[in-house]
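Residue strings, one per chain:
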Amino acid sequence: MRAEEAIQRLETHKEYISPHGRFTKEAIDMAIKALEKQTPKKFLWDDGNPVCPVCGEEVWDMEWCNSCGQRLDRELDTIIEEE
Ligand SMILES: [Zn+2]
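Now for a look at the structure at hand. (Residues numbered from 1 in each chain as written. Predicted model: local features only at pLDDT ≥ 70, side-chain atom pairs only at ≥ 80, totals over all residues.)

**Some words on the overall build of the chain**
- Helices and strands together make up the secondary structure of the chain, namely 2 helices and 2 strands.
- When the elements of the chain are put in sequence order from the N terminus, they spell out α-α-β-β.
- Considering only contacts within the chain whose residues lie at least 6 apart along the sequence, 33% involve residues at least 24 apart. (Helix = DSSP H or I, 4+ residues; strand = E, 2+ residues; numbered from the N terminus. Contact = placed C-beta atoms within 7 Å.)

**Describing the nonpolar core**
- Ranked by size, the top nonpolar core spans 5 residues in total: Phe-43, Cys-52, Val-59, Cys-65 and Leu-72.
- What Phe-43 contacts, discounting residues up to four positions off in sequence, is Pro-50, Val-51, Cys-52, Pro-53, Val-59 and Leu-72. (Core = buried A, V, L, I, M, F, W, Y, C linked by C-beta atoms within 7 Å. Buried ≥ 20, exposed ≤ 12 C-beta atoms within 10 Å, placed from the backbone.)

**Some points on the packing of helix H1 (residues 3-14) against helix H2 (residues 22-38)**
- Interhelical geometry of H1 versus H2 gives an angle of 160 degrees and a closest axis separation of 9 Å. Considering the angle they form, H1 stands roughly antiparallel to H2. For the element pair H1 and H2, the recorded crossing hand is left-handed. Taken together, the residues of H2 that come into contact with H1 (itself represented by Ala-3, Ala-6, Ile-7, Leu-10, Glu-11, His-13 and Lys-14) are Lys-25, Ile-28, Ala-31, Ile-32, Leu-35, Glu-36 and Gln-38. (Axes fitted to C-alpha atoms, helices over the stretch in contact; angles between N-to-C directions. Parallel < 35°, antiparallel > 145°, perpendicular 65-115°, else oblique. Left-handed = near helix turned anticlockwise from the far one by under 90°.)

**Looking at the environment of Thr-39**
- Mapped onto the secondary structure, Thr-39 falls in the loop between H2 and strand E1 (44-46).
- On the neighbour-count criterion, Thr-39 (14 C-beta atoms within 10 Å) is partly exposed.
- Each C-alpha atom, one on Thr-39 and one on Asp-73, is 8.6 Å from the other, the two residues being 34 residues apart in sequence.
- When neighbours within four sequence positions are excluded, Thr-39 is seen to be in contact with Ala-3, Glu-4 and Arg-71.

**Topic: the environment of Leu-10**
- Structurally, Leu-10 is set in helix H1.
- Of the residues examined, Leu-10 has 15 C-beta atoms within 10 Å and is grouped as partly exposed.
- Separated by 15 residues in sequence, Leu-10 and Lys-25 place their C-alpha atoms 9.6 Å apart.
- Setting aside chain neighbours within four positions, we find Leu-10 in contact with Ile-28, Ala-31 and Ile-32.

**Describing unusual backbone geometry**
- At Asp-47, a position not held by glycine, the phi torsion is positive, near 60 degrees.
- Turning to its location among the elements, Asp-47 is positioned in the loop between E1 and strand E2 (49-51).
- Asp-47 gets classed as exposed once you count the C-beta atoms within 10 Å, which come to 6.

What is shown is where atoms sit, not what they do.
Written out as structure tokens, the structure reads:
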């Protein structure tokens, strides 16, 4: 199962938790956040420097954000659309 699918399933499940399940909801939110960090996101450019799309800090590693731990996808920066 891909992280995106797991996030989607957790989000759906969250809707069915009763209002008393506050801590369960909190646990699900934590799991979603952790999964989102694992899902590679394309970094952004700021003044010619690559920056993290989540926290906006400059990226040094290109694979992980050193500030917030977001996984980054450098491959996505190259346009691979071929027809
Ligand atoms: Zn970051």
